[in-house]
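# Observations on the three-dimensional arrangement
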Amino acid sequence: MTTSAVEDALARAHRDEWARVVAGLARRFGDLDVAEDAAAEAYVTALEHWPRDGVPPNPGAWLTTTATRKAIDRLRRESRRADKHLAAHMLRDHSAHDPVGPVEDDRLRLIFVCCHPTLAVESRIALTLRLVGGLTVGEIARAFLVPETTMAQRITRAKAKIRASGIPFRVPSTADLHERLAGVLAVVYLIYNEGYLGSGDGDPVRTELTDEAVRLSRLLRAHLPDEGEVTGLLALMLLTDARRAARVSATGELVTLDEQDRGAWNRALIAEGHGLVRERIASGSPPGRYQLLASINAVHTSAASARDTDWAQIVALYDRMMQVDASPITRLNRAVAIAELDGPDVSLADIERLGHALDRYHAFHATRADLLRRIGRSDESRAAYDRALELAGNPAERAYLSRRRGQLGGGPLSGTGS
């Protein structure tokens with residue numbers, strides 16, 4: 001088998017099996033470092049053996065078995081006798097595991113462990129993205145708008161705190177599920193966003209991440225059907241995912257919502273998402289952030305064309321969002337809607353106030369560039385596009401920004417390449 005074929009098989013195995021392998025090892029050995037390191041070693045071993053022996057019929061089982069042996073070998077090398085005895089026991093142990101309680105999926109259980117309330121929210125999200133989502137440290141750092149070294153330290157400290165605090169790798173109780181829910185939902189949504197239009201230089205859309213996020217969200221809803229934000233998050237991702245086929249052009253360029261072919265939208269996902277939104281409205285409970293975002297997406301996906309969009313309703317929903325999440329990102333998105341309702345001049349005044357908070361966020365500069373273009377301030381618009389291109393990592397977004405910047409003319413791009 002050629003090296004290229006093996007590398008392709010390993011890439012698929014990493015996409016499909018990484019989270020399962022790490023989560024299973026973490027549950028069995030109770031140590032995140034052991035789980036992650038052993039899983040990584042198993043993939044290295046596969047790269048050595050598969051070219052000679054061929055790709056196994058069940059790569060996941062092969063990787064799990066190999067990673068388990070790697071973990072046991074590591075424990076045997078430890079100086080403490082108890083670890084050696086534990087390793088020897090685990091090597092022989094083929095008995096069924098204890099009942100898993102309210103969460104039966106290893107990956108979902110690992111998320112709840114990583115989202116333990118003793119960790120800072122940022123650390124919970126980052127750790128879970130690394131161990132369950134399989135994202136690189138660089139990808140997570142870009143998602144958080146922080147340097148890669150900062151994110152690496154954050155993940156290392158989070159694992160160390162879990163180990164030092166003796167946080168158990170057992171199934172969370174029903175009370176734990178509710179206590180850790182906000183962090184878990186944030187993790188799932190960030191995994192989805194990294195897949196839907198990721199920050200890295202690879203594929204502009206990583207369906208393995210979006211599909212995994214939707215799967216985890218469905219699992220959450222199955223366990224917590226009365227939690228409004230769980231339903232809201234699932235509805236939000238379904239309504240967003242429905243537009244996936246129209247989001248990137250055949251030439252690899254981002255297609256904005258107003259230019260998308262709405263005939264390519266997935267009507268089954270839209271219908272399911274709308275049904276969930278209606279369910280939450282009928283409940284009469286005050287909506288949270290995800291429910292409001294889902295409602296905004298429901299308005300967008302209800303419009304037959306961009307010009308038919310009910311922008312007044314979207315602005316009203318963002319006004320409600322400001323009551324539960326008045327973050328700079330929310331204010332930026334509200335300003336985009338204001339531009340459609342009241343004009344770019346009014347919106348630009350709001351956006352300029354966000355410059356300090358969002359200076360390292362490419363979408364802020366892209367939005368500002370578009371508004372400046374619409375009111376005829378071309379020189380400032382070009383500079384804003386240049387800044388957006390410096391910060392944007394996704395190739396589809398870069399292609400779109402380059403084209404829009406090029407339409408303004410006025411010389412080569414500064415510091416952005418070809």
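Everything discussed here concerns the structure shown above.
Here is a short report on the structure shown in this document.

## Looking at the packing of helix α12 (residues 228-241) against helix α14 (residues 267-283)
Geometrically, a packed helix pair is captured by the angle between its two axes and the distance between the axes. With their axes 8 Å apart at the nearest point, α12 and α14 run at an angle of 155° to one another. In this view, α12 runs roughly antiparallel relative to α14, as classed from their interaxial angle. Both α12 and α14 take part in a crossing whose hand is left-handed. Contact residues: α12 offers G228, T231, L234, A235, L238, L239 and D241, while α14 offers L269, I270, E272, G273, H274, L276, V277, E279 and R280. Considered class by class, the residues forming the contact of α12 with α14 number eight nonpolar, four polar and four charged.

## Points about the pattern of salt bridges
Close approach of charged atoms lets side chains of opposite charge pair. All chains considered together, the criterion is met by 26 salt bridges. A salt bridge links R20 to E17, with the nearest nitrogen and oxygen atoms 3.8 Å apart. Residue R20 and its partner E17 are both found in helix α1 (residues 3-29); the two are separated by three residues, about one turn of the helix. Exposure remark for R20: the relative accessible area of 39% places this residue in the partly exposed category. R387 serves as the salt-bridge partner of D359, at 3.1 Å between the closest nitrogen and oxygen. Remark: R387 occurs in helix α20 (residues 378-391) and D359 occurs in the loop between α18 (344-352) and α19 (362-374); sequence separation between them is 28 residues. Among the charged side chains, a network of salt bridges with common partners joins D33, E36, R130, K159 and R163.

## A few points about the environment of G134
As for its position among the elements, G134 is in the loop between α6 (121-131) and α7 (137-144). For G134, a relative accessible area of 8% gives the class buried. Excluding residues that lie within four positions of it along the chain, G134 makes contacts with H14, W18 and L129.

The rules behind the values
Residues numbered from 1 in each chain as written. Predicted model: local features only at pLDDT ≥ 70, side-chain atom pairs only at ≥ 80, totals over all residues. Heavy atoms only, no water. Axes fitted to C-alpha atoms, helices over the stretch in contact; angles between N-to-C directions. Helix = DSSP H or I, 4+ residues; strand = E, 2+ residues; numbered from the N terminus. Parallel < 35°, antiparallel > 145°, perpendicular 65-115°, else oblique. Left-handed = near helix turned anticlockwise from the far one by under 90°. Contact = heavy atoms within 4.5 Å. Nonpolar A, V, L, I, M, F, W, Y, C, P; charged D, E, K, R; others polar. Salt bridge = Lys/Arg side-chain N within 4 Å of Asp/Glu carboxyl O. Buried < 20%, exposed > 50% of the residue type's maximum accessible area, 1.4 Å probe, protein only.

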